[in-house]
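Structural overview
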There are 2 protein chains.
Amino acid sequence: MAAKKKSQIKSATLFGRVALIGIGLIGSSLARVVRREGLARHVAIATRRQKTLAAAKRLKLGDSYTTDPARAAKDAELVMICTPMSAYAEVARAIAPALKAGAIVSDVGSVKTPVARDIGALLPQGVHLVPGHPIAGTEHSGPEAGFAELFRGRWCILTPDARTDRSAVAKVTELWRRAGSRIATMDAAHHDRVLAITSHLPHLIAYTIVDTAAQLEKDLQGEVIKFSASGFRDFTRIAASDPVMWRDIFLANREAVLDILQRFSEDLTALQRAIRRGDGAMLQGTFTRTRAIRKGVIDAKQA
Amino acid sequence: MAAKKKSQIKSATLFGRVALIGIGLIGSSLARVVRREGLARHVAIATRRQKTLAAAKRLKLGDSYTTDPARAAKDAELVMICTPMSAYAEVARAIAPALKAGAIVSDVGSVKTPVARDIGALLPQGVHLVPGHPIAGTEHSGPEAGFAELFRGRWCILTPDARTDRSAVAKVTELWRRAGSRIATMDAAHHDRVLAITSHLPHLIAYTIVDTAAQLEKDLQGEVIKFSASGFRDFTRIAASDPVMWRDIFLANREAVLDILQRFSEDLTALQRAIRRGDGAMLQGTFTRTRAIRKGVIDAKQA
């Protein structure tokens, strides 16, 4: 019966009206997926800035365009919030009166615990909240940077709570499946802890090391850029990610990030001490251990 | 006249006999370049381990094979030392009695200040030391991992001292030019300071963060690998680099690495404090500044 239900979803347009609130890298990539797959009869796009809205229009990402999220959300069966997380509460407050009964509200933010508070608590009864996080992105931002293939082969993690309507979860799952994603479902707090390690700490570190370089004397900085191909280059790519999005991530996932950062600092201090004392055995042991993790990543087909 | 000299070098085989001491990723890639470009009449390969030597032989990387570096170096016009740096003094001591007058000794190590002490001081009069560092590599090791294109478009930094024979420097320069590299020449200490930032610190950080993950509880570690595509994956690739080579780098460039590590730790602590205090403006300001460095890397065609 589950199989039958799945095929029913597949054969039909998933949604009547979809509203995309925010049309940056993720929102615009999703708009392209919805169009390619024919997942909605109408795509309403809302974004705060006129300039971004004009770009979305020029790129023909939707069927209607507005700077008013409530107007986009009216009569929508799915409202997908793709703004920076700091705008969530404001967006939720704006769309709440316009939402129809049975509507699904989802998001694409990188931290999941705050969604219940910033969005869920502000929604009317009868609206289904299905928080989501597509683990995909590039260092580029804005509607021009999006592309439909962004989500292909990438994980999308959904964090509905136990009481969430199952058909609403199934519909959001199917949307991401059609985007080419692999779907995982987990508890929001667990998601935030895993992502603090796999994503938030690496970004914080990359931002730091690139900023350390940015503060060097000018002549040395020029050579750091010139000879960046030896490791630093990879960090600059990570550290070119959207500043507002990442500010919001660190503020939203403060506890988990500070916890893993503390462990990282302890481990770094141990290596620093080994370098100072000339403890080659300790260094070699650590560097050998880390190779095994790389093997795990390759085996998991994430490399 | 400089142009004439250059074309003279180009039109002839550069060297009679070339000895490659050490035949890992870099040595074996260089062997492939020498063969492709016809740069030597005889390539002698020496490596300590029988198993590695057999692999080099199977790959037809040279014309003669030995585990005795002195035997390979005898009558060579160029001896290129491609072993881990911790073996330098032992190799120099072994080859010194076998070197002919006018021979050039060079290396490919990632730290340049110790070369004068570990190799130069042990060489006989009349032998020319031209230390070098091709900024190229992958996370793979061993003779099978090498390929002739490894150096194409990459920088090779030479650090001869002011008294070094100019025609010896010109010959090593030409070797790397034929490998497709761009050549820079600088003071050894300056090289080590630049590379501490662009390469050594990024590797140390990547090793640390991957090792922090390696020490997590098993179930969490599994999910870290599963969802690694969000930043962590790039670190695992860097942290899969050769453990012995990197142990040697940190021991050899201790002062410069500890200096930049100190600056990095201060910058990280400042960001940690901003996260704890919820200082979004500070975070956003830092993350915006780092984007400019990425632009520099792209403009320098290193991205």
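Per chain, residue numbering runs from 1 following the sequence as it is written. By the order in which they are written, chains take letters starting at A while ligands take numbers starting at 1. The predicted origin of the model limits local features to residues at a pLDDT of at least 70 and limits the giving and counting of side-chain atom pairs to 80 or more, whereas totals for whole chains, interfaces and linings rest on all residues.

On to the interface of chain A and chain B, then. Between chain A and chain B, the contact holds 75 residues from the first and 75 residues from the second. Broken down by secondary-structure element, the contributors of at least two residues to the side of chain A that touches chain B are α8 (188–214), α9 (218–226), α10 (232–238), α11 (243–252), α12 (254–277) and α13 (280–299) of chain A. In this text, helices come from DSSP runs of H or I with a minimum length of four residues, and strands from runs of E with a minimum of two, each type numbered from the N-terminal end. With 18 residues, α8(A) is the largest single contributor of residues to the side of chain A that touches chain B. Grouping the amino acids of the side of chain A that touches chain B by side-chain chemistry returns 42 nonpolar, 18 polar and 15 charged. By definition, residues are in contact whenever their C-beta atoms, placed on the basis of the backbone, come within 7 Å of each other. In this count, Pro and Cys sit with the nonpolar residues alongside Ala, Val, Leu, Ile, Met, Phe, Trp and Tyr, while Asp, Glu, Lys and Arg are called charged and the others, Gly among them, polar.

Before going further, it helps to examine the relation of the copies chain A and chain B. The atoms used to superpose the copies are C-alpha atoms, taken from residues with pLDDT of at least 70 in both, and the fit is least squares. Least-squares fitting of chain A to chain B yields an RMSD of 0.0 Å, with the transformation described by 0.0 Å of translation along the axis and a rotation of 180 degrees. Viewed as a symmetry operation, the transformation between the two copies matches a two-fold axis. Comparing contact sets, 100% of the residues at the interface of chain A also lie at the interface in chain B, consistent with an isologous, same-surface contact.

The next thing to look at is the pairing of strand β1 (residues 15–21) of chain B. All names here are of chain B. The buried fraction of β1 amounts to six of the seven residues, a majority that puts the element mostly inside the structure. Bridging between β1 and strand β2 (residues 40–46) involves six bridges; their strand directions are parallel. Opposite Phe 15, over in β2, you have Ala 40 as the bridge partner. In terms of handedness, the path from β1 via helix α2 (residues 25–37) over to β2 forms a crossover that is right-handed. Paired strands are those between which DSSP finds at least two bridges. Sheet topology note: the β1/strand β4 (residues 78–81) ladder contains four bridges and is parallel. Any residue whose C-beta has 12 or fewer other C-beta atoms within 10 Å is treated as exposed, any with 20 or more as buried, and any in between as partly exposed, C-beta atoms being built from the backbone. Orienting the strands away from the viewer, one traces the path from the first strand over the helix to the second; a clockwise path indicates a right-handed crossover.

Moving on, we get to the domain arrangement of chain A. Residue and element names in this part refer to chain A. Entries for chain A in the domain assignment read domain 1 (2–186) and domain 2 (190–299). Domain limits in this description derive from either an automatic procedure or a database domain assignment. A C-alpha centroid distance of 31 Å is found between domain 1 and domain 2. The interface of domain 1 with domain 2 comprises 14 residues on the first partner and 15 residues on the second. Residue classes in the side of domain 1 that touches domain 2 are distributed as six nonpolar, six polar and two charged.

Residues and elements named next belong to chain A. For chain A, mean pLDDT is 93; residues scoring 70 or higher make up 95% of the total. The pLDDT score gives, residue by residue, the confidence of the prediction method on a 0 to 100 scale. Ignoring residues within four places in sequence, the model shows residues 1–8, a span with pLDDT below 50, making zero contacts including any to other chains. Scoring of the predicted complex yields 0.86 for pTM and 0.87 for ipTM.

With that settled, the discussion passes to unusual backbone geometry. The bulk of non-glycine residues show a negative phi, and the bulk of peptide bonds are trans. All names here are of chain B. One non-glycine residue, Lys 60, lies in the positive phi region at around 55 degrees. One can find Lys 60 in the loop between α3 (50–58) and β3 (64–66). Look at Lys 60 and you get exposed, because 10 C-beta atoms sit within 10 Å. Not every positive phi belongs to a glycine, and Asp 75 is a case in point at roughly 70 degrees. Secondary-structure assignment places Asp 75 in the loop between α4 (69–73) and β4. C-beta crowding within 10 Å serves as the criterion here: with 14 such atoms nearby, Asp 75 is assigned to the partly exposed category.

All names here are of chain A. Each axis is a line fitted through C-alpha atoms, and for a helix only the stretch in contact is used; angles between axes span 0 to 180 degrees, taken between their N-to-C directions. Put simply, α8 and α12 touch, their axes get as near as 9 Å, and they point 65 degrees apart. α8 and α12 meet at a crossing whose hand is right-handed. Where α8 approaches α12, its residues Asp 192, Arg 193, Ala 196, Ile 197, His 200, Leu 201 and Leu 204 are matched on the opposing element by Ala 256, Val 257, Ile 260, Leu 261 and Phe 264. Crossing chirality is assigned from the near helix's rotation relative to the far helix, an anticlockwise turn below a right angle marking it left-handed and a clockwise turn marking it right-handed.

What follows covers the packing of α8(A) against helix α13 (residues 280–299) of chain B. Between α8(A) and α13(B), the least distance of the axes is 9 Å, while the angle of their chain directions is 70 degrees. The orientation of α8(A) with respect to α13(B), classified from their angle, is roughly perpendicular. With respect to the hand of their crossing, α8(A) and α13(B) are arranged in left-handed fashion. Across the interface between the two elements, A:Tyr207, A:Val210, A:Asp211, A:Ala213 and A:Ala214 of α8(A) pack against B:Thr286, B:Phe287, B:Arg289, B:Thr290 and B:Ile293 of α13(B). In terms of residue class, the contact of α8(A) with α13(B) is made up of six nonpolar, two polar and two charged. Here the word oblique covers every angle except those under 35 degrees (roughly parallel), over 145 (roughly antiparallel) and from 65 to 115 (roughly perpendicular).

Residue and element names in this part refer to chain B. Taken together, the six strands give an open sheet; going across it, the order is β3-β2-β1-β4-β5-β6, and neighbouring strands pair in parallel fashion. The sheet terminates laterally at β3 and β6 (128–130), the two strands that pair on one side only. Going across the sheet, the axis of each strand differs from the next one's by a mean of 20 degrees, ignoring polarity. Two strands pair when backbone bridges link them, and β2 and β3 are joined in this way by three bridges, in the parallel orientation. Each residue of the ladder has a partner; that of Ala 44, found in β3, is Ser 64.

Moving on: helix α12 (residues 254–277) of chain B. By definition here, a helix of n residues has an expected span of 1.5 Å times n minus one. Here α12(B) spans 34 Å end to end across 24 residues, near enough to the 34 Å set by a 1.5 Å rise per residue. Here the buried face of α12(B) lies against α8, α11 and α12 of chain A together with α8 (188–214), α11 (243–252) and α13 of chain B. Among the residues trailing α12(B), B:Gly278 stands out with phi positive, at a value near 70 degrees.

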